[in-house]
Amino acid sequence: MSAEENHPHHTAHEMLQDPEFQALAKRKDGISLVLTLITMFVYFGFILALAFAPDALSGRVAGGATLGIPLGIGVIIICWLLTGIYVRWANTEYDQRVARVKERL
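First things first, this report covers the structure right here in the doc.

**Quick notes on the overall build of the chain**
The secondary structure content of the chain amounts to five helices and zero strands. Along the chain, from the amino end to the carboxyl end, the secondary structure elements read α-α-α-α-α. Taking 13 Å as the expected radius of gyration for a compact globule of 105 residues, we find that the chain reaches 22 Å, considerably beyond that expectation. Oriented by its inertia axes, the alpha-carbon framework of the chain measures out at about 75 × 25 × 15 Å.

So, in structure tokens, the structure goes:
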């Protein structure tokens, strides 16, 4: 018996119907949603502050830069960190669990 016959191929539909895979996909969606909402809150909060409270961001901080500069850099850093959190989770948990589901099927 060949290796192909020992490991029958399953369709993508079968994988999508698998309860473990569905739970994993739901978790991925939840994590993605939370991180996306945090990113949007931080980004749009900064934009709204620029639009509606420019005086608050025009105050000078160390080195003569306005407060808006370090806050803008902070927005970028927070977005990088949130992306890093997702990538780390996907690489350490999600990918391994998907591989286990594939092996089981």
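**Focus on the pattern of salt bridges**
Under the criterion given, the structure shown has five salt bridges. Between Arg27 and Glu93 there is a salt bridge, and its shortest N-O distance comes to 3.7 Å. Separated by 66 residues along the polypeptide, Arg27 in helix H3 (residues 19-52) and Glu93 in helix H5 (residues 68-104) bring together distant segments of the chain. Owing to a relative accessible area of 40%, Arg27 belongs among the partly exposed residues under this scheme. With a relative accessible area of 24%, Glu93 lands in the partly exposed category.

Reading the values: the criteria
Residues numbered from 1 in each chain as written. Predicted model: local features only at pLDDT ≥ 70, side-chain atom pairs only at ≥ 80, totals over all residues. Heavy atoms only, no water. Helix = DSSP H or I, 4+ residues; strand = E, 2+ residues; numbered from the N terminus. Rg over C-alpha atoms; globule rule 2.2 N^0.38 Å. Salt bridge = Lys/Arg side-chain N within 4 Å of Asp/Glu carboxyl O. Buried < 20%, exposed > 50% of the residue type's maximum accessible area, 1.4 Å probe, protein only.

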